[in-house]
Amino acid sequence: MNDMTDKYAHRPQAPAHVPHWFSGGLLPMIERYSLIWLSILLLVILPLALGDFRLGLAGKYLSLAFCAVGMVMIWGYGGILSLGQGIFFGLGSYMMAMYLKLEATANDEAASALAAFYGSALPDFMIWNSVDALPWWWKPFESATFTFAAILILPALLAFLFSYAYFKKRVGGVYFSIITLSLAAIMSIMIIGQQGYTGGVNGLTDFKTAFGLSLQTPQTPWILYLITALLLLGCVALCGFILHSRLGKVVVAIRDREDRVRFSGYNTALFKAFIFAVAALISALGGVMFTLQVGLASPSLVGIIPSTEIVIYAALGGRLSLVGAVYGTLLIGVAKTYLSENFVNFWQYFIGFLFMGVVLFLPTGLAGLLQRVSKKEVE
Amino acid sequence: MTFDILVMQIFSGFSLFSVLVLMALGLTIVFGLMGVINMAHGELMAMGSYMTYVTSVVFQRYFPDHMGWYFIIGIGVAFVVTFAFGFLLERCFIRFMYKRPLDTLLATWGLSLVLQQLFRQVFGPKEVTVPTVQWLQGAWKISEGLELPLNRIFIIGLTLVIAAAVFLFLYRSRWGLRIRAVTQNRAMAGAAGINTARVDAVTFALGCGLAGIAGSSFTMLASTGPVSGQQYLVDTFIVVVFGGVESLLGTFLSAFAIGQTQISLEYLTTGSMAKAITLLVVIVLLFLRPNGLFAAKVRR
């Protein structure tokens, strides 16, 4: 995960005053077993150290970390800056929420009583918005199997088809960023505008059970946290595997010199679309875990602000480090919690200056800093 | 009656067109000529709006007799302040990132968040409005049931004047010549004795100043809040990209097409849905013409 064979390799080496035991012994060890350290942190330290409430927050940020990991894949290694990862996060989140909402409605006595009148049980917000029948695209989400299949297939498929079409037309760089940004804006406008079908600004909320299990028991947050952490570690491992495979090398080659790879006979659009789809799938999983833990799917997680925030998670951790993205997300999560509890006004300054500072002074993020300090020779 | 509605529709389309052109002109210069993606463009517009607001407050307090003039002065103040801000921004920040367009995008996004919070703390989270000057109140009554608001006519006029001025500046003045020379071939322009760093700063500042004028004229149409700028951002970028980034004419045509489409759709559905559908259509069209309506060479 740390093979930084790229343009940042010729940065100045470590300052002389770093002690040897630190730079020569400790840091390389941190780097080598980074995934194991992360597993220990997520699976042992955090659950032991945090109470119920803080663990819930950690779980929420871990579900955002899925997007950050996807961002490292497409931006750090693929060179594609997508400002619309919130779309896929939102797709996963809303699909899960639709299932949970229908399950809550089916078990709700008042709604069942009205079912005779409407033909089938209608979620409460649809009744408030005088929608008189369950829309056809809500129907399949009554089935858990369909919901799971849709979550695994739909975001990835959409991402693949959309990005393949544009990459094939050689739309890239900032144009792709602007298009994805616009799509994120469109999606949040649509969700807010179609209140009767999507819950509008309020989003979908008020879930009682998930797959027959209550969401209110004291053990639930712990179980969901552990599932999130394991799933996230699995995603990091999967991405690491992809990047270490030959496919990953081709992707890096495309980032650095797309035309040469194309001249060598590769269909570069296919490779780029593939990792874009992988990132979309991972983001959607994050959305699912977010909805399960927070009990909400909301348009405020889809638009341009959350979509761009994902970029800074990845940038702070290090755009070339999958593990770094998780740390970056957690660090920003800690900062956000601390600042919004103590200095409300400073949160936005903080995130704004972080964007500017990281980009200007720390293009490889914290992982890059670590690497520089540890004097690791590259190439 | 139906004729009146048609005229009103077309007029609204023109009004939106002028607004889009004003928003996009500055960005066309910054993005098209310099290749800098300025995500804080919306916040510069908001800065222009706030400057006009400040001017109106100053006039109300010190020169209440000359209130009729404040709006003209306000536009000037907005231009000067945003121009100066843009100049400083380029010298202190943007110029270190010319080689990294995607990073510029992120850094200016950070800047936009900082500016929003700054507006929120200086001017308060509530939206502010400026008084409409006497000579822009009311409407031009053509016939019974057909009235065109004066402030919208003024903005259409202002847009045409500004666009003509930008055209003359770029294609008929020494500075414009320098800017185009640097855009086309930076090394050769430098060899011919043009101070390219200075040209960069002036070009960027000019784009920012135009954003200021846009923001200033928007105070006639809507109130200004800390996040007003962000609402313009996506539209502005879409207009510029759809037009073909470095073409003024392209910006005009794309603003016209987007404006008329959106207004026509608003007749059929709600405003926000009309906007979403228009943006979607543009994105699909960008798939067919990835370089926009008018494509030409860009600086590498």
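Since we're looking at a predicted model, the values are computed, not measured.

(A) Just the overall build of chain B, in detail. Summing up its helical and strand segments, chain B has 11 helices and two strands in all. Taken over C-alpha atoms, the radius of gyration comes to 19 Å for chain B, in line with the 19 Å a tight globule of 300 residues would show. Here the C-alpha coordinates of chain B stretch approximately 65 × 50 × 35 Å along the principal axes. Considering only intrachain contacts with a sequence separation of at least 6, the fraction spanning at least 24 residues in chain B is 77%. When the 20 positive and 12 negative side-chain charges of chain B are each reduced to one mean point, those points stand 15 Å apart.

(B) Seen up close, the overall build of chain A. Broken down by element type, chain A carries 17 helices and four strands. A buried classification covers 56% of the 379 residues belonging to chain A. A separation of at least 24 residues holds for 79% of the contacts in chain A among residues at least 6 apart in sequence. Summing over all exposed atoms, chain A offers an accessible surface of approximately 16,300 Å²; the carbon and sulfur share of this is 68%.

(C) Representation of the nonpolar core in the model. By size, the foremost hydrophobic cluster in this structure holds 206 residues, and its most contacted members are Leu42, Leu81, Leu204, Ile312 and Val326 of chain A together with Phe31 and Met39 of chain B. The element best represented in this core is helix H3 (residues 52–77) of chain A, accounting for 16 residues. When near neighbours in sequence (up to four residues on either side) are disregarded, Met39 of chain B contacts Leu83 and Leu181 of chain A together with Leu105, Thr108, Trp109, Ser112, Leu233 and Phe237 of chain B.

(D) Representation of the confidence of the model for chain A in the model. Looking at chain A, the pLDDT average stands at 84 and 88% of residues meet or exceed 70. Scored below 50 in pLDDT, residues 1–14 of chain A makes 41 contacts in the model with residues more than four places away or belonging to other chains.

(E) Seen up close, the interface of chain A and chain B. If you look at the interface, chain A gives 39 residues, while chain B gives 42 residues. Taking both sides of the interface into account, the surface hidden between chain A and chain B amounts to around 3,700 Å²; carbon and sulfur atoms contribute 78%. Residue Asp103 of chain B pairs with Arg319 of chain A through a salt bridge whose shortest N-O separation is 3.3 Å. For the pair chain A and chain B, the interface holds nine residue pairs in polar contact (both at pLDDT 80 or more). At the level of elements, helix H7 (144–168), helix H8 (173–193), helix H14 (304–317) and helix H16 (346–361) of chain A are the ones that each hand at least two residues to the side of chain A that touches chain B. Here the element with the most residues in the side of chain A that touches chain B is H8 of chain A; it accounts for 14 residues.

(F) Focus on helix H5 (residues 150–172) of chain B. Residue and element names in this part refer to chain B. Counted at 1.5 Å a residue, the expected span for H5 with its 23 residues is 33 Å, and the 32 Å between its end C-alpha atoms agrees. Along H5, the residues classified as buried are Asn151, Phe154, Ile155, Ile156, Leu158, Thr159, Ile162, Ala163, Val166 and Leu170. Those residues of H5 that are buried are in contact with helix H1 (2–34), helix H3 (70–92), strand E2 (146–149), helix H6 (174–184), helix H8 (196–218) and helix H10 (248–268).

(G) Looking closely at the pairing of strand E1 (residues 139–143) of chain B. Residues and elements named next belong to chain B. Pairing of E1 with E2, which is carried by four bridges, proceeds in the antiparallel orientation. The partner of Ser143 across the bridge, within E2, is Leu146. What sits between E1 and E2 in their antiparallel hairpin is a turn of two residues, with Gly145 showing a positive phi close to 85°.

(H) Local environment of the packing of helix H2 (residues 41–62) of chain B against helix H9 (residues 228–243) of chain B. Residues and elements named next belong to chain B. Direction vectors running N to C along H2 and H9 enclose 130°, while the axes themselves pass 7 Å from each other. For the element pair H2 / H9, the angle class is oblique. Note that H2 runs across H9; the crossing there is right-handed. Each of His41, Gly42, Glu43, Met45 and Ala46 in H2 lies in contact with H9, whose residues at this interface are Gly229, Gln230, Tyr232, Leu233 and Thr236. Residues of the contact of H2 with H9, tallied by class, amount to four nonpolar, five polar and one charged.

(I) Inspection of unusual backbone geometry at higher detail. Residues and elements named next belong to chain A. The phi torsion at Arg170 lies on the positive side, around 60°, for a residue other than glycine. Along the chain, the position of Arg170 falls in the loop between H7 and H8. Exposure remark for Arg170: the relative accessible area of 59% places this residue in the exposed category.

(J) Molecular detail of the confidence of the model for chain B. Summing up the model confidence of chain B, the mean pLDDT is 87 and the portion of residues at 70 or higher is 98%. The secondary structure element of chain B with the lowest average pLDDT is E1 of chain B, at 77, and the one with the highest is H3 of chain B, at 93.

(K) Region of the structure containing a nonpolar patch on the surface. Residues and elements named next belong to chain A. Judged by side-chain polarity, Tyr33, Ile36, Trp37, Ile40, Val44, Ile45, Leu48 and Tyr327 come together as a nonpolar surface patch covering roughly 730 Å² of accessible area. Here the nonpolar patch gets six residues from one element, more than from any other, and that element is helix H2 (residues 34–49). With respect to the helices, strands and loops of the structure, Ile40 is situated in helix H2. Residue classification places Ile40 among the partly exposed positions, given a relative accessible area of 35%.

(L) Examining the packing of aromatic side chains more closely. Per the stated rule, a full pass over the model turns up 36 aromatic pairs over all chains. With a centroid separation of 6.2 Å and an interplanar angle of 70°, the aromatic rings of Tyr70 of chain B and Phe71 of chain B are classed as edge-to-face. As far as the burial class goes, Tyr70 of chain B and Phe71 of chain B line up, both buried. Pairwise contacts between aromatic rings join Phe88, Phe162, Tyr166, Phe167, Phe176 and Phe276 of chain A together with Phe287 of chain B into one cluster. Lying over the aromatic face of Phe287 of chain B, Lys169 of chain A brings its terminal NZ or CZ to 5.6 Å of the ring centre. Above the plane of the ring of Trp175 of chain B lies Arg178 of chain B, whose end atom (NZ or CZ) is 5.0 Å from the centre.

Procedures and definitions
- Residues numbered from 1 in each chain as written.
- Chains lettered and ligands numbered in written order.
- Predicted model: local features only at pLDDT ≥ 70, side-chain atom pairs only at ≥ 80, totals over all residues.
- Heavy atoms only, no water.
- Helix = DSSP H or I, 4+ residues; strand = E, 2+ residues; numbered from the N terminus.
- Rg over C-alpha atoms; globule rule 2.2 N^0.38 Å.
- Contact = heavy atoms within 4.5 Å.
- Lys, Arg positive; Asp, Glu negative; His and termini not counted.
- Charge placed at Lys NZ, Arg CZ, Asp CG, Glu CD.
- Buried < 20%, exposed > 50% of the residue type's maximum accessible area, 1.4 Å probe, protein only.
- Areas by Shrake-Rupley, 256 points an atom, 1.4 Å probe, with all protein chains shown as cover.
- Core = buried A, V, L, I, M, F, W, Y, C linked by side-chain atoms within 4.5 Å.
- pLDDT = per-residue confidence, 0-100.
- Buried area = accessible area lost by both parts, 1.4 Å probe.
- Salt bridge = Lys/Arg side-chain N within 4 Å of Asp/Glu carboxyl O.
- Polar contact = N/O pair within 3.5 Å; in protein donor to acceptor, adjacent residues only side chain to side chain.
- Expected span 1.5 Å × (residues − 1).
- Pairing = 2+ DSSP bridges.
- Axes fitted to C-alpha atoms, helices over the stretch in contact; angles between N-to-C directions.
- Parallel < 35°, antiparallel > 145°, perpendicular 65-115°, else oblique.
- Left-handed = near helix turned anticlockwise from the far one by under 90°.
- Nonpolar A, V, L, I, M, F, W, Y, C, P; charged D, E, K, R; others polar.
- Patch = residues over 30% accessible without salt bridge, like charges linked within 9 Å, V, L, I, M, F, W, Y side chains within 5 Å.
- Phe/Tyr/Trp six-rings, centres within 6.5 Å; stacked < 30°, edge-to-face > 60°.
- Lys NZ or Arg CZ within 6 Å of the ring centre and 35° of its normal.

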